[in-house]
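So the chains spell out like this:
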Amino acid sequence: MKANFTYDDLILYHYKELPASEIDALETALCFDENLKEMHNSILEMKKMLNGERKKPSDASIRIILDYNRQSSGELETI
């Protein structure tokens, strides 16, 4: 059983990659360790923000990528 958990451990926990033997200990630590709880909350906020982001790139982003690709392949004239 691990006594001190890190931000990396919390990331693994959220991606369901934390070893099963450590999950109970982490969940118990979240009840008592305020610093760990703050890190956990910041990850939850990030996930919420990222899930709310756009699902497809903007037209401007697509145009920039296509222009860059054309320029790299020599199709676009240089200024």
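Quick note: structure is the one above.
Residues numbered from 1 in each chain as written. Predicted model: local features only at pLDDT ≥ 70, side-chain atom pairs only at ≥ 80, totals over all residues. Heavy atoms only, no water.

A. Looking closely at a nonpolar patch on the surface. A contiguous nonpolar surface patch, about 380 Å² in accessible area, is contributed by Tyr7, Met46, Met49 and Leu50. Examining the composition of the nonpolar patch, we find that three residues originate from one element, helix α3 (residues 34-51), more than from any other. Positionally, Tyr7 belongs in helix α1 (residues 7-14). (Patch = residues over 30% accessible without salt bridge, like charges linked within 9 Å, V, L, I, M, F, W, Y side chains within 5 Å. Areas by Shrake-Rupley, 256 points an atom, 1.4 Å probe, with all protein chains shown as cover. Salt bridge = Lys/Arg side-chain N within 4 Å of Asp/Glu carboxyl O. Helix = DSSP H or I, 4+ residues; strand = E, 2+ residues; numbered from the N terminus.)

B. Molecular detail of α3. Spanning 18 residues, α3 covers 26 Å between terminal C-alpha atoms, matching the ideal 26 Å at 1.5 Å per step. Looking at α3, one finds that the buried residues are Leu36, His40 and Ile43. Projection of α3 onto a plane perpendicular to its axis shows the buried side chains occupying an angular sector of 60 degrees, all on one side. In this structure, α3 carries Asn35, Glu38, Glu45 and Lys48 as exposed residues pointing more than 90 degrees from its buried face. Buried positions along α3 lie against α1 and α2 (20-32). At the N-terminal boundary of α3, the capping side chain belongs to Asp33, with an oxygen 3.0 Å from the backbone nitrogen of Asn35. (Expected span 1.5 Å × (residues − 1). Buried < 20%, exposed > 50% of the residue type's maximum accessible area, 1.4 Å probe, protein only. Arc of directions from axis to C-beta. Contact = heavy atoms within 4.5 Å. Polar contact = N/O pair within 3.5 Å; in protein donor to acceptor, adjacent residues only side chain to side chain.)

C. Geometry of the layout of surface pockets. Of the voids in this model, the largest pocket is the one considered here, and its volume is about 170 Å³. Forming the walls of the largest pocket are Ile11, His14, Tyr15, Ile43, Met46, Lys47 and Leu50. For the lining of the largest pocket, the element with the highest residue contribution is α3, accounting for four residues. (1 Å grid on protein atoms, 1.4 Å probe; cavity = no way out; pocket = protein on both sides within 12 Å on 5 of 7 lines; lining within 4 Å. Points joined across faces, edges and corners; volume = space filled by probe spheres on them.)

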